[in-house]
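# Residue-level structural notes
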Amino acid sequence: MRRRTAPGRIPALPLGLGLAVLLVLSLLCGVALGAAGIGWADVLRLLWAGLTGGTVHTNDAAPYTIVWEIRLPRVLLAAVIGAGLAAVGVAVQAMVRNALADPFVLGISSGAAVGANAVILLGALAGLGVWALSVSAFASALGAMALVYAVARSPHGPTPLRLILTGTALAYGFEAVTTVMVFGAARGEAARSAMMWLLGSLGGANWAQLPLAAVTVAAGWAWLRWRAEALNALSMGDETSAALGVPPPRLRRELFLVTAAVTGTVVAVSGAIGFVGLMVPHVVRMLVGADHRRVLAVAPLAGAVLLVWADVLSRLLLAPAELPVGVITAVVGVPAFLLLMRRGGHAFGGR
């Protein structure tokens, strides 16, 4: 039987440069677009004043606050989170060798939800002030990570099947705890805030959240890029990986720690934004091929662009109210993913 000809690939360098330019333009659009109408000329002028420390006229105080203190950190955080989710999605799919895996398959986001809702609904860690939500979500994400790893361990290390089954089972348990907390909430507004967080929201983004998220995502991406060759070996199977000098159990442990740290960090500041880590790696592989060196060079940029525009739509569609960002990524991602699967079934487990 004749082997099907591989589809044409786009060189990673020009695609990456194009996405980088698109990301810059998307960030500018994200700052300019919103419920409060601010002209493009004013946005650029206020951004320049903020970057250079220039003087802002008294009449521009309100627009400057909107542009510099509300929208800019929000779109930058959206880009960081999108890049992190896409990079971790690539890593998780290689780690468990499952095309349906995403950053949340290990149950870490569901564990983070327990901690976040303990703050929103029960007032836990109130002494930490504005940091209570992020600290509680991150701590519970780490707890979930430790629990998943402890249960999934075997004499041969955390195997793909055990990781998926353990993560899925514990995720259901964490979600049950969260559901009980939401239904038991005394205040309806608190339950609404909890649901917004569960579906992902960047409404609380600020400059204080950006450095830690950016450093964690950058460090995680750099490590994954450095280990791209090992990911190529792991994706070919444990026996092949071991024959190439890449011990699968050790690499999975390292991947588990890196993906858990990045996932826990981004979930702590944005909630559980789904579909980015599932769809973006597949799209990028169809464009540049399966080599993780190319995929990891392009996927974070694609994820950043996707989430910036998803956040823009979440602000505009029901302005001045906001939709959860996870709703936008699902509405856009589901039909796009199904279309890609229909047109490239061989890349999704077909012939």
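## Re the overall build of the protein
When helices and strands are counted, the protein shows 14 helices and 0 strands. Going residue by residue from the N terminus, the α and β elements of the protein occur as α-α-α-α-α-α-α-α-α-α-α-α-α-α. Compactness check: the protein gives a C-alpha radius of gyration of 21 Å against a globular reference of 20 Å for 351 residues, within 12% of the reference. The principal-axis extent of the C-alpha atoms belonging to the protein is close to 70 × 50 × 35 Å. Sorting the 351 residues of the protein into buried and exposed places 50% on the buried side. The long-range fraction of contacts in the protein, counting pairs at least 24 apart against all pairs at least 6 apart in sequence, stands at 76%. Just so you have it, the protein exposes about 16600 Å², and 68% of that area is on carbon and sulfur atoms. Both charge centroids of the protein, one from 24 positive and one from 13 negative side chains, sit 11 Å from each other.

## Describing the packing of aromatic side chains
This model, assessed by the stated rule, comprises 3 aromatic pairs. A centroid spacing of 6.4 Å and a plane angle of 10° characterise the contact between Y64 and W68, whose relative ring orientation is stacked. With Y64 and W68 both in helix α3 (residues 61-96) and 4 residues apart, the pair spans about one turn of that helix. For W68, a relative accessible area of 15% puts it in the buried group.

## Looking at the confidence of the model for the protein
Mean pLDDT for the protein: 84, with 92% of residues reaching 70 or above. For the protein, per-element mean pLDDT is lowest for helix α7 (residues 188-199), which scores 74, and highest for helix α13 (residues 292-316), which scores 94. Confidence drops under a pLDDT of 50 for residues 1-6, and excluding neighbours within four residues, the segment shows 2 contacts in the predicted structure.

Scoring rules and cut-offs
- In this numbering scheme, every chain counts its residues from 1 along its sequence in written order.
- Per-residue local features are limited, in this predicted model, to residues with pLDDT of at least 70; the limit for side-chain atom pairs, both in listing and counting, is 80 or more; totals at the level of whole chains, interfaces and linings are taken over all residues.
- Excluding hydrogens and water, the side-chain figures rest on all heavy atoms present in the structure.
- Put simply, DSSP H or I for four residues or longer makes a helix, DSSP E for two residues or longer makes a strand, and each gets a number counted from the N terminus.
- When we talk radius of gyration, it's over C-alpha atoms, and the globule rule is simply 2.2 Å times the number of residues to the 0.38.
- Burial here depends on accessible area, computed with a 1.4 Å probe over protein chains only, as a share of the maximum for the residue type. Under 20% is buried, over 50% is exposed, and the range in between is partly exposed.
- Contacts were defined at the residue level, with two residues in contact if any of their heavy atoms lie within 4.5 Å.
- Residue burial considers only the protein chains on display, and all accessible areas are found by Shrake-Rupley using a 1.4 Å probe.
- Note on charges: Lys and Arg go in the positive column, Asp and Glu in the negative column, and His and the chain ends are not counted at all.
- A charge is said to be at NZ when it belongs to Lys, at CZ for Arg, at CG for Asp and at CD for Glu.
- Side-chain rings of Phe, Tyr and Trp, where Trp is taken by its six-membered ring, are said to pair if the distance between their centres is within 6.5 Å; with planes under 30 degrees apart they count as stacked, over 60 as edge-to-face, and otherwise as tilted.
- pLDDT expresses, on a scale from 0 to 100, how confident the predictor is about each individual residue.

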